[in-house]
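Chain residues, written in single-letter form:
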Amino acid sequence: MFAAIRTTLPRQFARAYSSSAGAPKNSNGLLWASLATGGVLVGGYYYTRSKEAQTADVAVTKALDPKQFKAFKLQEKERINHDTSRFRFELEPNQELGLDITSCFVVKAKLDNDEKATIRPYTPVSPQHARGFFDLVVKNYPAGKMSSHIHGLAPGDSLEIKGPIPKHPYKANEFKEIGMIAGGSGITPMLQLAQHVLSDPNDRTKLTLVFANKSEDDIILRSTFDDLARKHPDQFRVFYVVDKATAGWQGEVGYITKDMVKKYMPAADRSDVLVAACGPVPMMKLVSGPKAPDYSQGEVGGILKELGYTSQQVFKF
């Protein structure tokens, strides 16, 4: 850097800069060279700071529109396991998706020869205030029209999205502890909530996650949750359940049971807790009862009802 600066100085300044200290005849040259060098550095500093200020002054906009579908371009996709991939969609550099915590959006596509478009809800896994992009993690179900459509997208293709669709209005420290029970791709709203809580130093809510899958290979985002547990051992715990275990498996085996819920979830006799559930229909029926036909919360059912949890203590994503 200094060599580059030196080559831009007049010849007499360059000679002075290379002379021994204290040589009287070159003292003025050395002074001017120092000033010139300082001017370059200071000017560069203020130029850089000015550019940073200009960037900071650009207003952050929100990409989603709750009233109409907008097309978002796929930037890249990355395979996570045998049936699940991460899809990154483009936003403007100073643009956020505009999704509140514990909310989702819906995607729309005309599939096959269907008369009507197929619409499905999804929850992104990127941080709430990520700028310039957002990420979806999608499991490709054999009979899933929309999941198959998304997996068939190539970079440059677009997906129509509308939102946000609000769900549970989360407030920091509203609950002392939140238990989460997820199955398969139902893990994405749990990750959204966990990332938000654990990134806020003022939020002391404790989180416990039970994540059920068919096999160990089906556990998506496992490294992400394990990393959160390592970084926040006093605030976040995660436990895995698989239908079929292989040799060396250390977690729970089988379907979610009443004993598992009693073991890992906050007790129903406390008023300062919430248990959230999200997963395939059979799991929801077993654990919490399904949502109502109009997609409202409906009555608490399944294991949670048997253990005495009320509608104020249960939320179905």
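Residues numbered from 1 in each chain as written. Predicted model: local features only at pLDDT ≥ 70, side-chain atom pairs only at ≥ 80, totals over all residues. Heavy atoms only, no water.

Observations regarding the overall build of the chain
When its secondary structure is counted, the chain shows nine helices and 14 strands. Buried residues in the chain amount to 42% of all 317 residues. Roughly 17800 Å² of accessible area belongs to the chain as shown, and the carbon and sulfur atoms make up 53% of that amount. (Helix = DSSP H or I, 4+ residues; strand = E, 2+ residues; numbered from the N terminus. Buried < 20%, exposed > 50% of the residue type's maximum accessible area, 1.4 Å probe, protein only. Areas by Shrake-Rupley, 256 points an atom, 1.4 Å probe, with all protein chains shown as cover.)

Examining the pattern of salt bridges
Evaluated as defined, the whole model comprises 15 salt bridges. Put simply, Asp 114 and Lys 145 hold a salt bridge, and the shortest N to O gap is 2.7 Å. Of the two residues, Asp 114 is situated in the loop between strand S5 (103–109) and strand S6 (118–122) and Lys 145 in helix H4 (residues 145–151); the sequence distance between them amounts to 31 residues. Residue classification places Lys 145 among the partly exposed residues on the basis of a relative accessible area of 37%. Between Lys 258 and Glu 306 there is a salt bridge whose closest N-O contact spans 3.0 Å. In this pair, Lys 258 is assigned in helix H7 (residues 258–264) and Glu 306 in helix H9 (residues 302–306), connecting sequence segments 48 residues apart. Exposure remark for Lys 258: the relative accessible area of 36% places this residue in the partly exposed category. Its relative accessible area of 54% is what places Glu 306 among the exposed residues. (Salt bridge = Lys/Arg side-chain N within 4 Å of Asp/Glu carboxyl O.)

Considerations on the sheet that holds strand S9 (residues 177–183)
Spatially, S12-S11-S10-S9-S13-S14 is the arrangement adopted by the six strands of the open sheet, whose pairing is parallel. Each edge of the sheet is formed by a strand with only one pairing partner; in this case those strands are strand S12 (252–253) and strand S14 (314–316). In this structure, strand S10 (residues 206–213) lies alongside strand S11 (residues 236–242), joined through seven bridges in parallel fashion. When the sheet's bridge partners are listed, Val 210 is paired in S11 with Phe 239. Helix-sheet contacts for helix H5 (residues 188–199) involve S9, S10, S11 and strand S13 (273–278), and the interaxial angle to S9 is about 150°. (Pairing = 2+ DSSP bridges. Contact = heavy atoms within 4.5 Å. Axes fitted to C-alpha atoms, helices over the stretch in contact; angles between N-to-C directions.)

Notes on the packing of aromatic side chains
What the rule picks out here adds up to eight aromatic pairs. Here Phe 89 and Phe 134 contribute two aromatic rings whose centre-to-centre distance is 5.2 Å and whose plane-to-plane angle is 15°, an arrangement assigned as stacked. A residue pair is termed long-range when its members are at least 10 positions apart, and Phe 89 in strand S3 (residues 84–90) and Phe 134 in strand S7 (residues 133–139) qualify at 45 residues. The pair Phe 89 / Phe 134 is uniform in exposure class, with both members buried. Note on Phe 315 and Phe 317: the rings are 5.0 Å apart at their centroids and 80° apart in plane angle, and the pair reads as edge-to-face. One aromatic cluster in this structure is built from Phe 72, Phe 89, Phe 105 and Phe 134. (Phe/Tyr/Trp six-rings, centres within 6.5 Å; stacked < 30°, edge-to-face > 60°.)

Examining the nonpolar core
If you look at the biggest cluster of nonpolar residues, it comprises 34 residues, and the most contacted ones within it are Ile 187, Met 190, Leu 209, Phe 225 and Phe 236. Secondary-structure elements contributing two or more residues to this core are S9, H5, S10, helix H6 (222–231), S11 and S13. Considering each element in turn, this core owes the most residues, six residues, to H5. Excluding residues within four positions of it along the chain, Phe 225 makes contact with Ile 187, Leu 191, Leu 209, Phe 236, Val 238 and Tyr 240. In this structure, Ala 63, Phe 72, Leu 111 and Leu 159 belong to the second largest nonpolar core, which totals 22 residues. (Core = buried A, V, L, I, M, F, W, Y, C linked by side-chain atoms within 4.5 Å.)

Let's talk about the sheet that holds strand S8 (residues 158–166)
Spatially, six strands are ordered S6-S5-S8-S2-S3-S7 in an open sheet, and the strand pairing comes out antiparallel. The two strands at the open ends of the sheet, each matched to only one other strand, are S6 and S7. Here the strands of the sheet are splayed against their neighbours by 40° on average, with no regard to which way each runs. Strand direction decides the pairing type here: strand S2 (residues 70–79) and S3, joined by five bridges, are antiparallel. Residue pairing across strands places Glu 76 opposite Arg 88, the latter belonging to S3.

Looking at the environment of Lys 139
Along the chain, the position of Lys 139 falls in strand S7. Lys 139 sits in the buried class, given a relative accessible area of 11%. Apart from residues no more than four positions distant in its own chain, Lys 139 is found in contact with Asp 83, Thr 84, Ser 147, His 151, Ser 185 and Asp 218. Polar contacts involving the side chain of Lys 139 include one to the side chain of Asp 83, which spans 3.1 Å. (Polar contact = N/O pair within 3.5 Å; in protein donor to acceptor, adjacent residues only side chain to side chain.)

Thoughts on the side chain of Asn 81
Here Asn 81 is to be found in the loop between S2 and S3. A residue is classified by how much of its surface remains accessible, and Asn 81, at 13% relative accessible area, is buried. Reaching out from Asn 81, the side chain makes a polar contact with the backbone nitrogen of Thr 84 at a distance of 2.9 Å. Within polar-contact distance, the side chain of Asn 81 engages the backbone oxygen of Asp 217 at 3.1 Å. If sequence neighbours within four positions are ignored, Asn 81 has contacts with Asp 217, Asp 218 and Ile 220.

Description of the environment of Glu 96
Structurally, the position occupied by Glu 96 is in strand S4 (residues 95–96). On a C-alpha basis, the gap between Glu 96 and Pro 127 in space is 9.8 Å, while along the polypeptide they are 31 residues apart. Contact partners of Glu 96, with chain neighbours within four places excluded, come to Val 60, Thr 61, Lys 62, Ala 63, Leu 91, Gln 128, His 129, Ala 130 and Arg 131.

The quantities given are spatial measurements derived from coordinates; they are silent on function.
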